[in-house]
Amino acid sequence: MQEILTAAFVLQTFRISIPYLLPSLGAVYSEKGGVVNIALEGMLLSGAFAAIIGIYYTGSVLTGIVCSLLAGIIVSILHGLITITFKANQIVSGIALNIFAFGITKFFCKLIFGSSSNSPRVIGLESWGLPFNPFLLICVLILIITVFAINRTKFGLRLKAVGQNPEAADSLGISVSKMRYMGVIISGALAGLGGAWLALDQHSFTDGMSAGRGYIALAAMIIGKWKPTGAALACLLFGLAESFTLQFQSSGVPTQFIQMLPYLLTIIVLAGFIGKATPPAADGIPYEKKD
Amino acid sequence: MREQTANSVSVQLIDIVKSFQAGYNANDHVNFSAYPGEIHALIGENGAGKSTLMNILYGMYQADSGKILINGKEAKFRSPADAIKLGVGMVHQHFMLVNTFSVLENIILGDEDTFRFDVIDMKRSKQKVIELKKSFEINVELDDISGGLAVGIQQKIEILKLLYRNAEIMILDEPTAILTPQETEELFKTLAELKNSGKTIILITHKLGEVLAISDRVTVLRRGKVTGILKTNQTSSNELAKMITGRSIESQVIKKSAGGEKIILEVNDLYINNDRGSLAINGISLIIKEGEIFGIAGVEGNGQEELAEAICGLRKISKGTINIAGIDDFKKSIAHIPANRHKYGIVKEFTLEENLILGREKEENFSNGWILNNKKINEFSEVIIEEYDIRPENSKALMEGLSGGNQQKAVAAREMTKNSDLVVISHPTRGLDILASEFVHRTILEESKKGKAILLISSDLSELLKLSDKIAVMYNGRITGELDPKSTNENEIGEYMTGLKSNKR
């Protein structure tokens, strides 16, 4: 036990949680506003690829991060167009965008780097020469901002209203589409940022490197009952599970078992065993004005 | 009209035309005006154009032609937000509340006071609302979560929402439809308060008694046209009814004496849980005999719906028994007119005729057990549509295209013509106009004369008093009073409904 609870282990758990935490907090914004964002996976992957492209061409990590934000935002705008403007099914749109992101990143990877499976190695965060991990700091800041934005601001109140009862919000002169777009775009930016971390951590892009983290992030948000702190805790839990997997790789516990945990937990939560998880009332339902 | 200068008119709608389908004007050159300090009733049948007109005033719809003048100045509303800015607000029939929000959050939503960075200044907002509460004597607890509150209180929240936005012109769409007599009285007090402070109140309603009781003037619409603008103290309910329908209404439906001796429905010591798993029905017993109309009164959410659902087999019973005579014969099923017709009564994507045989498709008339007999179904629908006056008179029309009143008629038609001994009816005339209500009432009485036992759940007490042979009042999942409609009145029922009185256990 002692060797497990070292500072290194704790730090590793936090590091592993980053690519869950950022999209998961993003999902809070999107879903509070009433848009199910299963496209997190694709946003994460696009963000990772865009980060590598940015660094590859400019040699600047910061540019890479900006590119990842943009990539996440572009995919989220697509998701918004399909689901908010054209009112299509949100799950279908999300899955389609995930498949699209998987394909298009591979395609450009081949085109640019001559290999569809991975990019060459690029510099990472170590080039900033910081004594700490800036992404951990960013995560904490975003968590605090999110809690505050959702619970205390005009933006948060209106976002929640649009996710709970869009008709009521509309009757008070609040633009349902505008609020929903904002929620989805913030989730895209955060998921893209999560992708940047994946790429920077690995110093390269590999096809499908998001590896289901977007889905787990969404599950974490559900386990966290659509609350930012809840989502963050659930992400840490998954990070912990994964951390154990690495620790016990040689100890005989099948890694698949531990990898299964997040999904198992999600099912248990959805089945209502850990209190009731109630989504926003209008979550997943496109808003159509009556006439 | 009043001796007032044109300037003091707060609302003027001039020559409004609005059409949703070619060839038919929902509003056909309508003129309307209202003054500050006036309660102005707007009445008319379903589909007469009241809601359309008010939606135009509220910015929800845009008129095809015509002008809106607010305080004498022409106004162009592209959305409700524009209307709110000029002081026009509406309390919708279906409340526009976010259930998970606190009362205060609901009131300030869309018009929040903020510090820097858009952080909401809850203290300042609260202070404002408290002052409004005081000056208009409206009592609500601001920190309560809105969803679980009684409808009367939710309505107060809606009114506070308008006051918070400094609305000077307030439109209320059938505000008393779901209130108890006590709540209605309180609402009227508030409306009088608002009127005295110089607000313009426009009241859409079906209830002529209310019009006469609190309004100053009345505008009557029929088929999109204004048929009368009257001073309330110079008119009568007969005159109004005539203007609404274009003819005089047949006199009161005549009630027959209660029916036979055969017990059709027997409910014994029933316990039922609601969706959240707590007790909705807490030990109810009742007996309905053939030809009897058994009315159930109560504030909504006191177990009436759960009771109806349990009797119809839509909800699990936790304890007790329900016995229905002849239920083993599956052709003699229960007829059910549900409260939530959209959820249980109709399939809105289906045609009218499909909806008219929904659940009855296996009857010999309509199929041979495998294949639908479309010709027979069509013939049946044509007859029904004629008899029940369902519009449009087109059996192939999609259900979602029908107005709420016509959808309700279709459900009533299907269930009433069904071969069953027991009919469970919830709120049969909610949202229906006078003529349609009269028609539904007559149908209910006729069916009971044929020997059907009828369980009638309603929050319209005059309806219950008119039709029922017995009235039971439900409060908190129990029957707290059994009353004789001949010897009771709305006020007494109201006291039982709110738990003030009880003559059982």
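See the structure printed just above.
Residues numbered from 1 in each chain as written. Chains lettered and ligands numbered in written order. Predicted model: local features only at pLDDT ≥ 70, side-chain atom pairs only at ≥ 80, totals over all residues. Heavy atoms only, no water.

**Some thoughts on the nonpolar core**
Working step 1: Ranked by internal contacts, the top residues of the largest apolar core, which has 107 residues, are Phe135 of chain A together with Ile159, Leu163 and Leu191 of chain B.
Working step 2: When sequence neighbours within four positions are dropped, the list of residues in contact with phenylalanine 135 of chain A reads Ile18, Leu22, Ile65, Leu125, Leu193, Ala196, Trp197 and Leu200 of chain A.
Working step 3: Of all hydrophobic cores here, the second largest spans 44 residues; its members include Ile346, Leu356, Ala413 and Met497 of chain B. (Core = buried A, V, L, I, M, F, W, Y, C linked by side-chain atoms within 4.5 Å. Buried < 20%, exposed > 50% of the residue type's maximum accessible area, 1.4 Å probe, protein only. Contact = heavy atoms within 4.5 Å.)

**Quick notes on the sheet that holds strand β3 (residues 38–44) of chain B**
All names here are of chain B.
Working step 1: Ordered in space as β6-β7-β8-β3-β9-β10, the 6 strands form an open sheet in which the pairing is mixed. Across the chains shown, the open sheet's two edge strands, defined by having one partner strand only, are β6 (88–91) and β10 (225–231). Strand-to-strand, the axes of this sheet are offset by a mean angle of 20 degrees, without reference to chain direction.
Working step 2: Of the strand pairs in this sheet, strand β7 (residues 169–173) and strand β8 (residues 200–204) are connected by 5 bridges, and their pairing is parallel. From the neighbouring strand, isoleucine 171 faces β8, where its bridge partner is isoleucine 202.
Working step 3: Contacts between helix α1 (residues 50–57) and the sheet are confined to β3, β6, β7, β8 and β9 (217–222), with β3 contributing the most and set at about 135 degrees to the helix. (Pairing = 2+ DSSP bridges. Helix = DSSP H or I, 4+ residues; strand = E, 2+ residues; numbered from the N terminus. Axes fitted to C-alpha atoms, helices over the stretch in contact; angles between N-to-C directions.)

**Let's talk about helix α8 (residues 176–202) of chain A**
Residue and element names in this part refer to chain A.
Working step 1: Here α8 contains 27 residues, and its C-alpha end-to-end distance of 39 Å stays within 8% of the 39 Å for a straight helix at 1.5 Å per residue.
Working step 2: Across the 27 residues of α8, 20 count as buried, placing the element largely inside the fold.
Working step 3: Histidine 203 sits one or two positions beyond α8 and adopts a positive phi of about 65 degrees. (Expected span 1.5 Å × (residues − 1).)

**Overview of the packing of aromatic side chains**
Residues and elements named next belong to chain A.
Working step 1: This model, assessed by the stated rule, comprises 9 aromatic pairs over all chains.
Working step 2: Ring geometry for tyrosine 29 versus phenylalanine 155: centroids 6.3 Å apart, planes at 40 degrees, classification tilted. Of this pair, tyrosine 29 sits in helix α1 (residues 7–32) while phenylalanine 155 sits in helix α6 (residues 154–164), and the two are 126 residues apart along the sequence.
Working step 3: Exposure remark for tyrosine 29: the relative accessible area of 5% places this residue in the buried category. (Phe/Tyr/Trp six-rings, centres within 6.5 Å; stacked < 30°, edge-to-face > 60°.)

**Some points on the interface of chain A and chain B**
Working step 1: Chain A puts 18 residues into the contact, and the matching count from chain B is 24 residues.
Working step 2: Regarding the contact of chain A and chain B, the summed buried area is about 1,800 Å², with carbon and sulfur atoms giving 68% of it.
Working step 3: At the boundary of chain A and chain B, one finds 1 salt bridge.
Working step 4: A salt bridge links arginine 158 of chain A to glutamate 112 of chain B, with the shortest nitrogen-to-oxygen separation between them at 2.8 Å.
Working step 5: Inspection of the region where chain A meets chain B yields 7 residue pairs in polar contact (both at pLDDT 80 or more).
Working step 6: Put simply, the parts of the chain that give the side of chain A that touches chain B at least two residues each are α5 (134–152), α6 and α7 (166–171) of chain A. (Buried area = accessible area lost by both parts, 1.4 Å probe. Salt bridge = Lys/Arg side-chain N within 4 Å of Asp/Glu carboxyl O. Polar contact = N/O pair within 3.5 Å; in protein donor to acceptor, adjacent residues only side chain to side chain.)

**Some thoughts on empty space enclosed by the protein**
Empty space among the atoms becomes visible once a probe the size of a water molecule is rolled across them.
Working step 1: Counted according to the given criterion, the structure contains 4 cavities of 30 Å³ or more.
Working step 2: The computed volume of the largest cavity comes to approximately 110 Å³.
Working step 3: If you go around the largest cavity, you meet 14 residues; those closest to its centre are Leu172 of chain A together with Tyr58, Met90, Leu162 and Arg165 of chain B.
Working step 4: Every element with two or more residues in the lining of the largest cavity is listed here: β6 and α5 (151–164) of chain B. (1 Å grid on protein atoms, 1.4 Å probe; cavity = no way out; pocket = protein on both sides within 12 Å on 5 of 7 lines; lining within 4 Å. Points joined across faces, edges and corners; volume = space filled by probe spheres on them.)

From the geometry alone we can't say anything about function, so treat these as descriptive.
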